[in-house]
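Single-letter residue listing:
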Protein chains: 2
Amino acid sequence: MSFQATFQMDSSNGPGVPPETLNDIISFFSSAPPLRDDLNISRKLHEFIERNFSSSGMSPLLSYFSFCILIKSICNGYPRRIVCVTSGGTTVPLEQRCVRYIDNFSSGLRGAASTEYFVKAGYAVIFLHRRGSCQPYCRLLPDDSFLECLELTRDSNVQVHQTHCQAVKNAIRGYHDAVEGGFLLKLPFTTIFEYLQILQLVAKSMKSLGSLGMFYLAAAVSDFYVPWESMAEHKIQSASGPMDMRLTQVPKMLSVLRNEWSPMAFCISFKLETDSNILLKKADMALRKYKMNVVVANELLTRMEEVTVITSNERITVRKDKNPAYDDVEKPLIDLLVERHSAYIKESDTGVTSEST
Amino acid sequence: MSFQATFQMDSSNGPGVPPETLNDIISFFSSAPPLRDDLNISRKLHEFIERNFSSSGMSPLLSYFSFCILIKSICNGYPRRIVCVTSGGTTVPLEQRCVRYIDNFSSGLRGAASTEYFVKAGYAVIFLHRRGSCQPYCRLLPDDSFLECLELTRDSNVQVHQTHCQAVKNAIRGYHDAVEGGFLLKLPFTTIFEYLQILQLVAKSMKSLGSLGMFYLAAAVSDFYVPWESMAEHKIQSASGPMDMRLTQVPKMLSVLRNEWSPMAFCISFKLETDSNILLKKADMALRKYKMNVVVANELLTRMEEVTVITSNERITVRKDKNPAYDDVEKPLIDLLVERHSAYIKESDTGVTSEST
């Protein structure tokens, strides 16, 4: 059964998605190259959600760290909450045998840092990330980590350079605890086609979690693309003067994610602008239009210092933590979002969801 | 003194560059954002070339590896040959405060592998590479090296996972020997503007090397760009239907590199196509048009298996080495190019250059 077929069957019943958006979405997915490895991704997702949604999959050999996370999960109530963190930029191929593509600037630092804090807060994280972007537990290491951090001793043993020793140990410990504890599933993408196809698989798998599921959509998703069938097969030749390109708008998947794929999940989207004059207005619009629970508004130049968290009745400025142990804006941001998610779960349990308020 | 000013002064005297190309080049550089850190790059280049062009800068404490390279250099005759290897793809920003850009697909694997073999052959290498692309001595390590290769022992020491132990040791040894021996200078770029500005600095610095200098231009350079002054300042908004773009051709810098910046250097350019029917024809054209000494023709799908080396009187297919110690096409390719470079130096010394044959 092909991916396109799956999409069309489901979306024909989709309530709440405007018909013109639905047409654009169908046209987007039917023009996309088939997702490689979709069965394997589905299997991994199924196992990951199964393991975290029931306690049966817990490893009997828990490290101290895993034990702490388990306790947090119990305090939050089992089954564990699961968040899908999207991170990094998507590419838009300009040729079928791709040599050139349009890319969105994003280091993936926000998504990587947030993943670490979500794991710490007791969440299981599906980290849907751009290949080669910043990875959780690696962000405090220098670029070219191997070359900068490691050296050989006289007797040819590998050792970590003194100046990076603590950072490297923390990175290894954090990563192995998260992966071996079963709290972190990493799924890579490159193109806008792969990203949206995998996001659909994830969102449909998370539907059964209801309000315990969260989407933290920090990836920088392309707004424009070239439909696959109208794309040049071979490398575009440069001999004949300037090149004119017409790019089609990528349909807004947020409405179908919210209305159909995972309607009860707690949804956080991001709005990045370079012009502060239009940022909050556009963030407000996104909140209403796509029925997000939260929109995080950030400006390109100051995004690592502060962000504005916008909900239907709040506008909260979150600034970089002054605690030197957490020298970033993600720690207080995730603290706030976890709190709001808890309130949302409680409301959902009593039948009063944020959406209906 | 600004970079643009430098370019205009020199190029006004440029012999052999067609006037229309010269105009395009002047317009490209004058529209480029100023290169940050140009003084620092110039200083590094000066020191690197000085150290390798005279034997005075050699460290008195040589490792066995450095000693072997020294012997090779002596066999090749001092001063040491210097090659500028360019590697990875350049980006074309679509907005001044850049959120979106066009990128060229290139992992940088070819440039990284070639750098290692050039160092082994006794060359000093200026590795002009795309930030984040594949680095020399790292290509045999898994992605996410830290996460995959390292683990903590029970007493919290870092150790390399058994399966990767030898690869990691080789990588560290190779890298440290090359850097500490002074045979490797790494200069990063991201945009097409940075790439061509730094290439100009490198080429002018290498002019004094005459035929001992080599350019191995493996970077995937954008053919089209948006001139800085006609670029949107802020993020392009997606609200208003499809986006039309007009891209200007990037002027061919090979002619000015060959005719003016470094006229005596041994120049190797690369031609990548996805369509094998036009590949060799286009490679031949590039050889004649830009007076390259060698063009390496490679096809997207088979480029890691074989390439065709084209000179004015030869067409040699180079295939992946069958020696399991060098499971790549770069080893025989660099062997061949070093041999041709030696012949070129000899011809230059006797006044008969390849260009005049």
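Residues numbered from 1 in each chain as written. Chains lettered and ligands numbered in written order. Predicted model: local features only at pLDDT ≥ 70, side-chain atom pairs only at ≥ 80, totals over all residues. Heavy atoms only, no water.

Per an unreviewed UniProt entry, chain A goes by the name DNA/pantothenate metabolism flavoprotein C-terminal domain-containing protein and belongs to Coptis chinensis. UniProt, in the comment section headed Pathway (unreviewed entry), describes chain A in these words: "Cofactor biosynthesis; coenzyme A biosynthesis; CoA from (R)-pantothenate: step 2/5." (UniProt positions renumbered as here; feature names shortened; annotations may be inferred.)

Asker: Would you mind going over the overall build of chain A in detail, with residue names and values included?
Answerer: Of the regular secondary structure elements, chain A holds 11 helices and 14 strands. Residue burial in chain A is summarised as follows: out of 357 residues, 55% are buried. Counted over contacts in chain A with a minimum sequence separation of 6, partners at least 24 positions apart contribute 72%. For chain A, the accessible area works out to roughly 15600 Å², and carbon and sulfur atoms hold 53% of it. (Helix = DSSP H or I, 4+ residues; strand = E, 2+ residues; numbered from the N terminus. Buried < 20%, exposed > 50% of the residue type's maximum accessible area, 1.4 Å probe, protein only. Contact = heavy atoms within 4.5 Å. Areas by Shrake-Rupley, 256 points an atom, 1.4 Å probe, with all protein chains shown as cover.)

Asker: So what's going on with the confidence of the model for chain A? Which residues, and what values?
Answerer: All names here are of chain A. Scored by pLDDT, chain A comes out at a mean of 84, with 83% of its residues at no less than 70. Contacts of residues 55-61 to residues separated by more than four positions or lying in other chains number six contacts, the stretch itself having pLDDT below 50. Low pLDDT, under 50, characterises residues 353-357; the predicted model gives this stretch 11 contacts beyond four residues in sequence or across chains. (pLDDT = per-residue confidence, 0-100.)

Asker: Mind laying out the sheet that holds strand β8 (residues 213-217) of chain A, listing which residues take part and the relevant values?
Answerer: All names here are of chain A. Strand order in the open sheet made by the eight strands is β7-β4-β1-β8-β11-β12-β13-β14, with mixed pairing throughout. Each having just a single partner strand, β7 (184-189) and β14 (315-319) make up the two edges of the open sheet. Going across the sheet, the axis of each strand differs from the next one's by a mean of 15°, ignoring polarity. When strand β13 (residues 306-310) meets β14, the two strands line up antiparallel, connected through five bridges. Looking across to β14, one finds that Val307 is bridged to Val318. Running over the sheet, helix α10 (residues 276-289) touches β11 (266-273), β12 (294-299), β13 and β14 and is turned about 165° from β12. (Pairing = 2+ DSSP bridges. Axes fitted to C-alpha atoms, helices over the stretch in contact; angles between N-to-C directions.)

Asker: A description of the interface of chain A and chain B should follow, citing residues and the corresponding values.
Answerer: Listed by partner, the interface residues are 59 residues for chain A and 58 residues for chain B. Of the roughly 5600 Å² buried where chain A meets chain B, counting both sides, 58% is carbon and sulfur surface. Between chain A and chain B we count two salt bridges in total. Arg100 of chain B is paired through a salt bridge with Asp223 of chain A; the nearest N and O atoms lie 2.3 Å apart. Across the contact surface, chain A and chain B share 10 residue pairs in polar contact (both at pLDDT 80 or more). (Buried area = accessible area lost by both parts, 1.4 Å probe. Salt bridge = Lys/Arg side-chain N within 4 Å of Asp/Glu carboxyl O. Polar contact = N/O pair within 3.5 Å; in protein donor to acceptor, adjacent residues only side chain to side chain.)

Asker: Please give an account of the sheet that holds strand β10 (residues 243-249) of chain A that cites residues and values.
Answerer: In spatial order, the strands read β9(A)-β10(A)-β10(B)-β9(B); together these four strands make up an open sheet with antiparallel pairing. Either end of the sheet is taken by a strand with one partner, and the two such strands are β9 (224-225) of chain A together with β9 (224-225) of chain B. With two bridges connecting them, β9 of chain A and β10 of chain A associate as antiparallel partners. Pairing of Tyr225 of chain A across the sheet is with Thr248 of chain A, part of β10 of chain A.

Asker: Please give an account of the nonpolar core that cites residues and values.
Answerer: Grouped together as the largest cluster of nonpolar side chains are 123 residues, with contacts concentrated most on Ile126 and Phe215 of chain A together with Ile126 and Phe215 of chain B. Setting aside its immediate chain neighbours within four residues, Ile126 of chain B contacts Leu45, Phe48, Ile82, Val83, Cys84, Val85, Leu185, Leu187, Val202 and Met206 of chain B. (Core = buried A, V, L, I, M, F, W, Y, C linked by side-chain atoms within 4.5 Å.)

Asker: Describe helix α11 (residues 330-349) of chain B, and please don't skip the residues or the numbers.
Answerer: For an α-helix, the turn length of 3.6 residues means that residues three or four places apart are oriented alike. The terminal C-alpha atoms of α11 of chain B lie 28 Å apart, and with 20 residues this matches the ideal 28 Å at 1.5 Å per residue to within 8%. For α11 of chain B, the complete set of buried residues consists of Glu330, Lys331, Pro332, Leu333, Ile334, Leu336, Leu337, Val338, His341, Tyr344, Ile345 and Ser348 of chain B. (Expected span 1.5 Å × (residues − 1).)

Asker: So what's going on with helix α5 (residues 109-120) of chain A? Which residues, and what values?
Answerer: Residues and elements named next belong to chain A. With 12 residues, α5 extends 17 Å from end C-alpha to end C-alpha; this agrees with the ideal 16 Å at 1.5 Å per step. Of the residues making up α5, those classed as buried are Arg110, Gly111, Ala112, Ala113, Ser114, Thr115, Glu116, Tyr117, Phe118 and Val119. Following α5 by one or two positions, Gly122 has its phi on the positive side, about 100°.

Asker: Explain the packing of helix α2 (residues 19-31) of chain B against helix α8 (residues 192-206) of chain B residue by residue, including any values.
Answerer: All names here are of chain B. Between α2 and α8, the shortest axis-to-axis distance is 10 Å and the interhelical angle comes to 115°. Taken together, the axes of α2 and α8 are roughly perpendicular relative to one another. As for the relative orientation of α2 and α8, their crossing is left-handed in sense. Where α2 approaches α8, its residues Phe28, Phe29 and Ser31 are matched on the opposing element by Ile192, Phe193, Leu196, Gln197 and Gln200. When the residues that make up the contact of α2 with α8 are grouped by side-chain class, the tally is five nonpolar, three polar and no charged. (Parallel < 35°, antiparallel > 145°, perpendicular 65-115°, else oblique. Left-handed = near helix turned anticlockwise from the far one by under 90°. Nonpolar A, V, L, I, M, F, W, Y, C, P; charged D, E, K, R; others polar.)

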